Amino acid sequence: MDLDLRVVRYFVAVAGHEHFGRAAEECLVGQPSLSRQIRGLERRLGVALFRRTPRGAVPTCAGAAFLPHAERLLRVADGAVAAARAAGGPERLVVGYAPGLSVTGAVRSVRERAPGVAVRSVHLGWNDAATALREGRVDAVVARMPLRTERLRVTRLYDEPRMVVLPRWHRLAGRESVALADIRDERLPTTTGSTPECSAHWRLEPRPGGGSAPEGPELESPDDVWDCVAGGEALAVVARDHGRVVPPELTVLPLREEPTTVVVAARQGDGRGLVAAFERAAGTALSR
């Protein structure tokens, strides 16, 4: 029988999270659609791959037996794509970068060392870095943690302070910096489509003692932060580079604890010298 690699990726994601909802968030697909695809795969195989429970989904014996083969199948597919691209026509490199980050220095370094190579940089969405890598849309990314690192090779570049965005009339606005304890009762927003790990990271969760931040509004994009904070709906936590230019009615203060980490990542099975050259260049040109 033919196996749809997209559905195989869905299966591996569900097995990894033991939860259909979190797998759907990782795969950027609706949960009903992902569930239908998994049920269709089970019908074609003639076995149940998961035991559904109130708390999630646990692989059955058949699912556990299928999992290592499914993971190997995805690695082989990724390797096939990389090999075809490496052998076909002029060598090229596509580098993705997350909002507020720059890859200019590393891209320039690769171009200088390999003048015959076409090197292109692509701006990615807030939560798109790992997905773009796995789907082959880019060959390497510079992004912030947390990332879903399954089947990825990840190298730390530097730590970046997180900042708190607040209105200029706020009680904390005159300070030089803010501590987590200062904003423990403040509402913080969520972003539509954000993974649970990413949402928790920017909402500073779990809090000491295991609690959650007071729930703020759900935003369509990180760029909606400014209007949300200016309107008094919530405060927000952003990366330093994202908070460099803010509207005049807002101010941005350093958060004293818990910086975020900027990394360069590539597919685990991609051993091309050009990708390795970019990883080295990122480590030299982008590290702080």
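Here the structure is a predicted model, which means the values were calculated and not measured.

Some thoughts on the layout of surface pockets
- What the largest pocket holds in volume is close to 510 Å³.
- Along the wall of the largest pocket there are 25 residues; nearest its centre are R9, C27, R134, E135 and R151.
- Elements supplying a minimum of two residues to the lining of the largest pocket: α1 (5–17), α2 (20–27), α4 (61–87) and α6 (129–134).
- When residues of the lining of the largest pocket are assigned to their parent elements, the largest contribution, nine residues, is made by α1.
- Here the lining of the largest pocket is composed, by residue class, of eleven nonpolar, four polar and ten charged.
- Structurally, the lining of the largest pocket is a two-domain feature, drawing no fewer than three residues from each of domain 1 (5–82) and domain 2 (90–159 + 261–286).
- Taken as a whole, the second largest pocket holds about 290 Å³ of empty space.
- Along the wall of the second largest pocket there are 23 residues; nearest its centre are W126, N127, P146, L147 and C198.
- Within the residue set of the lining of the second largest pocket, elements represented by two or more residues are α2, α6, β5 (140–144) and α7 (196–202).

Here's the deal with the UniProt feature "domain: HTH lysR-type" (unreviewed entry) in the protein
- Sequence positions flagged by UniProt for "domain: HTH lysR-type" (unreviewed entry) are, in local numbering, residues 3–60.
- Helix makes up 62% of residues 3–60 and strand makes up 14%, while its end C-alpha atoms are separated by 19 Å.

Structural notes on unusual backbone geometry
- For the peptide bond that leads from M145 to P146, omega is 5°, which places it in the cis range.
- For E18, which is not glycine, the phi torsion reads 50° and is therefore positive.
- By relative accessible area, which is 37% here, E18 ends up partly exposed.
- One non-glycine residue, R151, lies in positive phi territory at about 65°.
- Take R151: it is sitting in the loop between β5 and β6 (152–160).

Comments concerning the domain arrangement of the protein
- Here the domain parsing of the protein yields domain 1 (5–82), domain 2 (90–159 + 261–286) and domain 3 (162–257).
- The centre of domain 1, based on its C-alpha atoms, is set 27 Å off from the matching centre of domain 2.
- Across the contact, ten residues belong to domain 1 and nine residues belong to domain 2.
- Taken together, the two surfaces of domain 1 and domain 2 that pack against each other cover about 860 Å², and 50% of this comes from carbon and sulfur.
- It is E26, D78 and A82 in domain 1 that bury the most area against domain 2; as a group they hold 45% of the surface buried on that side.
- The interface formed by domain 1 and domain 2 holds one salt bridge in total.
- At the junction of domain 1 and domain 2, the tally comes to two residue pairs in polar contact (both at pLDDT 80 or more).
- A total of four residues in the side of domain 1 that touches domain 2 trace back to one element, the largest contributor, which is α4.
- Classifying every residue of the side of domain 1 that touches domain 2 gives four nonpolar, one polar and five charged.

What to know about the packing of aromatic side chains
- Following the criterion strictly, the structure yields three aromatic pairs and no others.
- Centre to centre, the rings of F11 and F50 are 5.3 Å apart; their planes meet at 45°, and the pair counts as tilted. A residue pair is termed long-range when its members are at least 10 positions apart, and F11 in helix α1 and F50 in strand β1 (residues 50–53) qualify at 39 residues.
- Using a relative accessible area of 0% as the deciding quantity, one classes F11 as buried.
- Overall, F50 belongs to the buried group, its relative accessible area being 3%.
- The structure contains a cluster of three or more aromatic residues connected by ring pairs, namely F11, F20, F50 and F66.
- The lysine or arginine in question, R162, covers the ring of W202, its NZ or CZ lying 5.7 Å from the ring centre.

Scoring rules and cut-offs
Residues numbered from 1 in each chain as written. Predicted model: local features only at pLDDT ≥ 70, side-chain atom pairs only at ≥ 80, totals over all residues. Heavy atoms only, no water. 1 Å grid on protein atoms, 1.4 Å probe; cavity = no way out; pocket = protein on both sides within 12 Å on 5 of 7 lines; lining within 4 Å. Points joined across faces, edges and corners; volume = space filled by probe spheres on them. Helix = DSSP H or I, 4+ residues; strand = E, 2+ residues; numbered from the N terminus. Nonpolar A, V, L, I, M, F, W, Y, C, P; charged D, E, K, R; others polar. Domains from an automatic or database assignment. UniProt positions renumbered as here; feature names shortened; annotations may be inferred. Buried < 20%, exposed > 50% of the residue type's maximum accessible area, 1.4 Å probe, protein only. Contact = heavy atoms within 4.5 Å. Buried area = accessible area lost by both parts, 1.4 Å probe. Salt bridge = Lys/Arg side-chain N within 4 Å of Asp/Glu carboxyl O. Polar contact = N/O pair within 3.5 Å; in protein donor to acceptor, adjacent residues only side chain to side chain. Phe/Tyr/Trp six-rings, centres within 6.5 Å; stacked < 30°, edge-to-face > 60°. Lys NZ or Arg CZ within 6 Å of the ring centre and 35° of its normal.

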